[in-house]
Amino acid sequence: MNLETIIGLEIHIELKTDTKIFSSSPSHFGAEPNENTNAYDWAHPGVLPRLNKKAIDYGLRASLALNMDIHQDSWFDRKNYYYPDMPLGYQISQMPYPIGHDGYVDIEVDGKNKRIHIERLHLETDAGKNTHGNNNDSYADLNRAGTSLIEIVSEPDIRSPQEAYAFLDKVRETILYSGVSDVKMQEGSLRCDANISLRPYGQEEFNPKSEIKNLNSLNYIQKALEYEIKRQEKIYMTGGTVQGGTLRYHPDTNKTELMRAKGEEADYRIIPDVDIAPFHISDEWVEEARKALPEMPDVLRKRYVEEFDLSEYDAEVLTANRNISDFFDETIELGADSKQAANWLMGDVSAHLNETQEDILETNFIPQHLADMIRLVNDGTISSKIAKKLFAELMADGGDADEVVEKNGWKQLSDPGQLSDIINGILDENEQSIEDFKGGKDRALGFLVGQTMKATRGQANPEMVNKILLEEINKR
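Residues numbered from 1 in each chain as written. Predicted model: local features only at pLDDT ≥ 70, side-chain atom pairs only at ≥ 80, totals over all residues. Heavy atoms only, no water.

(A) Examining the pattern of salt bridges more closely. What the rule picks out here adds up to 33 salt bridges. The shortest N-O distance in the salt bridge between Asp273 and Arg78 comes to 3.1 Å. Residue Asp273 is found in the loop between β15 (271-272) and β16 (279-280), and its partner Arg78 is found in strand β4 (residues 77-80); the two are separated by 195 residues along the sequence. Take Asp273 and Arg78: they sit in the same class, and that class is buried. (Salt bridge = Lys/Arg side-chain N within 4 Å of Asp/Glu carboxyl O. Helix = DSSP H or I, 4+ residues; strand = E, 2+ residues; numbered from the N terminus. Buried < 20%, exposed > 50% of the residue type's maximum accessible area, 1.4 Å probe, protein only.)

Structure representation (C-alpha cells):
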C-alpha cells in the first residue's frame, strides 16, 4: 500500500504588544511568576475586558503580510474549557470570522517551488503556564495568560516533514519582518501544533489525524512528523486503523505519546463573548496597515542580487534576520560599498553575535560604525588588521570611529617621503636581501617588508611599502 502524507500546521504567535489583549498587565517575557497579572487575569468577580487596539492592528498587519483577505467586520467568541492556567474558564478567540482568511506563502524544497495555502488567521488570548513539581504539587504562572496571540492555520497542503519545516520557517520569517512579533521559539512566542494523517494515493477523504502539540523548534517539528509517519505507516501496513488523538513529542526519545482523545468543536460550547463589542476595520485602516509593512524577504533578496550584485547565498544570509538586513540597508545609505558591508556582516559581526547570543540591536555597534570602518580601510587610514581591532572596540564601547583610531594611534603611515627614508635605511642595512631578491628569491622581499613594518611599529601602509620597496630596489 502506497500512502500519502497529509500535514497541516497550526502556528501560535505571541504579538509584541506592551500590554495584554484584554488586560492592562504587561506582556513582557522574563518576569517573576505572576508578576504581570491583575484582577482581570485572575478572573475576579466583576472584572471586564478592554480590547487592545494594537492587537487588532498587528493581527491585520500579519494577515496582509501572509497575502490574506480581511474580514473587516468581526467579533470575539468564548471557547469554553477549564485548565488551572486559565482562570476565566474559557479562551477568547475568533471562530466564524477570523481577521484574516484565504492566504498563502511560497516555499522551496529540494529546488522545487510550492504554494502552501492558509485557511485563517485569528486573534485570541494565550493561556498561562503550568509547572508540575517533584513533590506532586503543581503551580500556575499567569504572566502569559491573556497575552495577545494570533493563530495561523494552514490548509492540508503539506506533504512531507521537509515542507512543514520550510512552511513554518517562511511564516516565522514573514511575521518577523512584519514587526508584530519577535517569534522567539526559545521564549515560547512561537509554538506550533502539527496535524498529520496518512491515506492511500487516490483516496479523496481524509483518514483520522493525530495532532502533535506545542512543538517549539523547527527541528523538533520535522523529527516529530518523521516519527509519526513511520508509526502510522506501521499501523496501516499491519491492517490496523489509526485512532485520532492529541500527542506529545519527546525529543529525548524522538517518540510521540498519546495525551488525550481529540476534542471536537462542539465540546467547547462556543458562543460570542457578551462583554466585548464587535469591531469594524475600515478601508483606511487596512491601507495604513499595508503601508506599514516593510519589504518582505523575497523582495529584499531579489533587490540585493539585482541592485548590489550580491550572490543569492549572500542575499539569503543577510535577510535571515530583519535587524541585519535593516543594518545592511542603513550602512549602504551612508555610502559604504555593498559587498564589503555584506562581508563584514556575514563574517566578524555574525561571529560576534553567535558567540554572545545577542541581537545586533542589543550591541553598541551601529551602521555608522561599519560605514566609517569601510571608509577608513579604503582610504588607507587604517589597515584591514587594525579594522578588526577597531571593530572590537566599537562593538564593546561604541564611540566615534575616527576618534578611536586617533586615540589608539592606529593610523597607517602612508606618506611616501617618510616611508622612502625608512625603507632606504633598511635597504642599506640589508644588501644581501637585495641581492637575494634580484636572484629570484621572493622571500627576501617579504623579509624587507617585515623589517619595514617592524620599524614603523606596524603602522606603515603595506601596499605602499611593497610599491616603494620595489622602486628603490630597482634603483640599486
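(B) A look at the sheet that holds strand β1 (residues 3-14). Sheet architecture is open: 9 strands sit in the order β2-β6-β7-β10-β1-β11-β12-β13-β14, paired in mixed fashion. Each edge of the sheet is formed by a strand with only one pairing partner; in this case those strands are β2 (69-70) and β14 (255-261). As judged from the 6 bridges shared by strand β13 (residues 245-250) and β14, these two strands associate in the antiparallel manner. If you follow Arg248 over to β14, its bridge partner there is Glu257. Sheet strands touched by helix α2 (residues 161-178): β1, β6 (100-109), β7 (112-125), β10 (148-154) and β11 (190-200). Its angle to β6, the strand with the most contacts, is close to 120 degrees. On the sheet, helix α3 (residues 218-237) packs against β1, β11, β12 (210-215), β13 and β14 and is oriented at approximately 25 degrees with respect to β11. (Pairing = 2+ DSSP bridges. Contact = heavy atoms within 4.5 Å. Axes fitted to C-alpha atoms, helices over the stretch in contact; angles between N-to-C directions.)

(C) Structural detail: the packing of helix α8 (residues 338-356) against helix α10 (residues 384-397). Packing of α8 against α10 brings their axes to within 12 Å, and their N-to-C directions diverge by 50 degrees. Between α8 and α10, the angle falls in the class oblique. In the crossing of α8 with α10, the sense of the turn from one axis to the other is right-handed. Contacts between α8 and α10 involve Trp344, Asp348, Val349 and His352 from the first element and Ala387, Lys388, Phe391 and Met395 from the second. Of the residues belonging to the contact of α8 with α10, the class tally is 5 nonpolar, 1 polar and 2 charged. (Parallel < 35°, antiparallel > 145°, perpendicular 65-115°, else oblique. Left-handed = near helix turned anticlockwise from the far one by under 90°. Nonpolar A, V, L, I, M, F, W, Y, C, P; charged D, E, K, R; others polar.)

(D) Just α8, in detail. A rise of 1.5 Å per residue sets the reference length of α8, with its 19 residues, at 27 Å; its end C-alpha atoms lie 25 Å apart and thus fit the reference within 8%. Listed in full, the buried residues belonging to α8 are Ser338, Ala341, Ala342, Trp344, Leu345, Val349 and Leu353. The backbone nitrogen of Lys339 has a side-chain oxygen 3.2 Å away, supplied by the residue at the start of α8, namely Asp337. Just downstream of α8 lies Gln357, where phi reads positive at about 60 degrees. (Expected span 1.5 Å × (residues − 1). Polar contact = N/O pair within 3.5 Å; in protein donor to acceptor, adjacent residues only side chain to side chain.)

Bear in mind that shape data such as this cannot, by itself, settle questions of function.
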